[in-house]
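Notes for the structure review
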Amino acid sequence: VSLRGLISAGNHNGDRGVIIQYSSATQRYLVELGETGETLSVKPENILQQIHVKIHGIISQPDLNGCTGLVWYTENKYRYSIYIGSLEKFASIK
């Protein structure tokens with residue numbers, strides 16, 4: 001996951017980590033940060049799940065078909081953003 005919209009720990013916005021626990025009492029996830037091993041208690045709305053995908057069916061950019069990448073949803077643009085590591089580029093898809 002990636003962290004976003006944090007206020008009191010804003011220096012961690014953009015950091016990546018792994019969810020290791022959920023507390024129903026506080027309704028927060030405990031996230032272990034990848035680089036430091038530090039743990040943060042984070043609200044669900046401050047977590048951005050990242051998923052690996054394989055692209056197919058793109059007519060306007062057929063060179064992307066068959067590529068794999070890391071995807072996330074960009075709410076303010078109503079699009080999916082995909083980072084394609086093999087091409088070292090970002091793609092934006094509806």
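Rules used throughout
- Residues numbered from 1 in each chain as written.
- Predicted model: local features only at pLDDT ≥ 70, side-chain atom pairs only at ≥ 80, totals over all residues.
- Heavy atoms only, no water.
- Helix = DSSP H or I, 4+ residues; strand = E, 2+ residues; numbered from the N terminus.
- Rg over C-alpha atoms; globule rule 2.2 N^0.38 Å.
- Buried < 20%, exposed > 50% of the residue type's maximum accessible area, 1.4 Å probe, protein only.
- Contact = heavy atoms within 4.5 Å.
- Areas by Shrake-Rupley, 256 points an atom, 1.4 Å probe, with all protein chains shown as cover.

**Here we look at the overall build of the chain**
In terms of regular secondary structure, the chain is built from zero helices and nine strands. Secondary structure elements in the chain, listed N-terminal to C-terminal, are β-β-β-β-β-β-β-β-β. Computed over its C-alpha atoms, the radius of gyration of the chain comes to 16 Å, more than 25% above the 12 Å expected for a compact globule of 94 residues. On the principal axes, the C-alpha backbone points of the chain span a range of 45 × 25 × 25 Å. Each of the 94 residues in the chain was classed as buried or not, and the buried ones make up 29%. Look at the contacts in the chain between residues 6 or more apart in sequence, and 24% of them connect residues 24 or more apart. Within the structure as shown, the chain displays about 6600 Å² of accessible surface, and the carbon and sulfur contribution to it stands at 51%.

Geometry only, nothing functional implied.
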